[in-house]
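A closer look at the structure
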Amino acid sequence: MKVSISLTDRNTKFVINNLYPLYLHDLSEIWGWRPNQYGVFETDKTLTLQDQNKVFDIWWEKPSILFPYLVTVEDIPAGFALVATPPYTPHGTEFYLNEFFILRSFRGQGVAEAAAIQVFNLHAGTWELQTNPTDSNKRAQAFWRKTVGNYTSDSYREEIMETTDDGNKLVFSFDNSK
């Protein structure tokens, strides 16, 4: 199974935009979110998915700072990885895995780990990624422990960070510049 990542641009961003509502639907199981009155996973009055996607235009407006990768398996869209650099990174890190998603039909087959490693290999430096630390997200926590652990030979930090805006986070940080 050939897993590939490719940087998207304004002409191909629609593929990530197509996948994004599925990502939010998956997150709704973890965070307990519900769609708004129009069926869109937003807390405001966003009427359509097209309106929702406009928020993400920034990912294609800053090509040397924000990196929107499409994950494919045998040339079929399987997910995405959104990588940010300063000033869009927390805690002074060089790279932040802002969003990472693999469609359910590709999970449990090594696709996510292969894609994550390809993304990490493209950007050497200090990294941070975050996930939900609750019991409803045990699968993702185990995935990141295994993937980051394997990738760094267990040379990473893991900590619970208390936030005020959107709940606590389980934070993974590592340096792959060595």
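Here's a quick rundown of the structure. All values reported here derive from a predicted model rather than from experimental measurement.

Basis of the calculations
Residues numbered from 1 in each chain as written. Predicted model: local features only at pLDDT ≥ 70, side-chain atom pairs only at ≥ 80, totals over all residues. Heavy atoms only, no water. Helix = DSSP H or I, 4+ residues; strand = E, 2+ residues; numbered from the N terminus. Expected span 1.5 Å × (residues − 1). Buried < 20%, exposed > 50% of the residue type's maximum accessible area, 1.4 Å probe, protein only. Contact = heavy atoms within 4.5 Å. Polar contact = N/O pair within 3.5 Å; in protein donor to acceptor, adjacent residues only side chain to side chain. Pairing = 2+ DSSP bridges. Salt bridge = Lys/Arg side-chain N within 4 Å of Asp/Glu carboxyl O.

1. Comments concerning helix H4 (residues 138–152)
- Compared with an ideal rise of 1.5 Å per residue, which puts 15 residues at 21 Å, H4 spans 21 Å between its outermost C-alpha atoms and is within 8% of the ideal.
- Looking only at H4, the buried set comprises Gln 141, Phe 143, Trp 144, Thr 147, Val 148, Gly 149 and Thr 152.
- Here the buried face of H4 lies against strand S4 (95–102), helix H3 (111–122), strand S5 (126–131) and strand S7 (169–175).
- Trailing H4 by a residue or two, Ser 153 shows a phi angle of about 50°, which is positive.

2. Regarding the side chain of Thr 89
- Mapping Thr 89 onto the fold places it in the loop between strand S3 (76–84) and S4.
- Of note is the side chain of Thr 89, whose polar atom sits 2.7 Å from the backbone oxygen of Thr 93.
- Once you skip the residues sitting within four places of it in the chain, Thr 89 turns out to touch Ala 84, Glu 94, Phe 95 and Tyr 96.

3. Some remarks on the pairing of strand S2 (residues 66–73)
- Within S2, eight of the eight residues are buried, which leaves the element mostly enclosed by the surrounding structure.
- Burial along S2 is two-sided: the residues Leu 66, Pro 68, Leu 70 and Thr 72 and Phe 67, Tyr 69, Val 71 and Val 73 are all buried.
- Bridge analysis of strand S1 (residues 3–7) against S2 gives five bridges, and the strand direction is antiparallel. Within the sheet, the bridge partner assigned to Ser 6 lies in S2 and is Leu 70.
- Relative to S3, S2 is paired through eight bridges, and the arrangement is antiparallel.

4. Concerning the pattern of salt bridges
- Applying the stated criterion across every chain yields a total of nine salt bridges.
- In this structure, Asp 57 engages Lys 13 in a salt bridge whose closest nitrogen and oxygen atoms are separated by 2.6 Å. On the criterion of sequence distance, the pair formed by Asp 57 in the loop between helix H2 (49–53) and S2 and Lys 13 in helix H1 (residues 13–31) is long-range, its members being 44 residues apart.
- For Asp 57, a relative accessible area of 21% puts it in the partly exposed group.
- With relative accessibility at 15%, the residue Lys 13 sits in the buried group.
- For the salt bridge of Arg 107 with Asp 26, the shortest nitrogen-to-oxygen distance reads 2.2 Å. Of the two residues, Arg 107 sits in the loop between S4 and H3 while Asp 26 sits in helix H1, which places them 81 residues apart along the sequence.
- For Arg 107, a relative accessible area of 30% translates into the label partly exposed.
- Within the structure, one salt-bridge network assembled from shared partners comprises Asp 26, Glu 29, Arg 104 and Arg 107.

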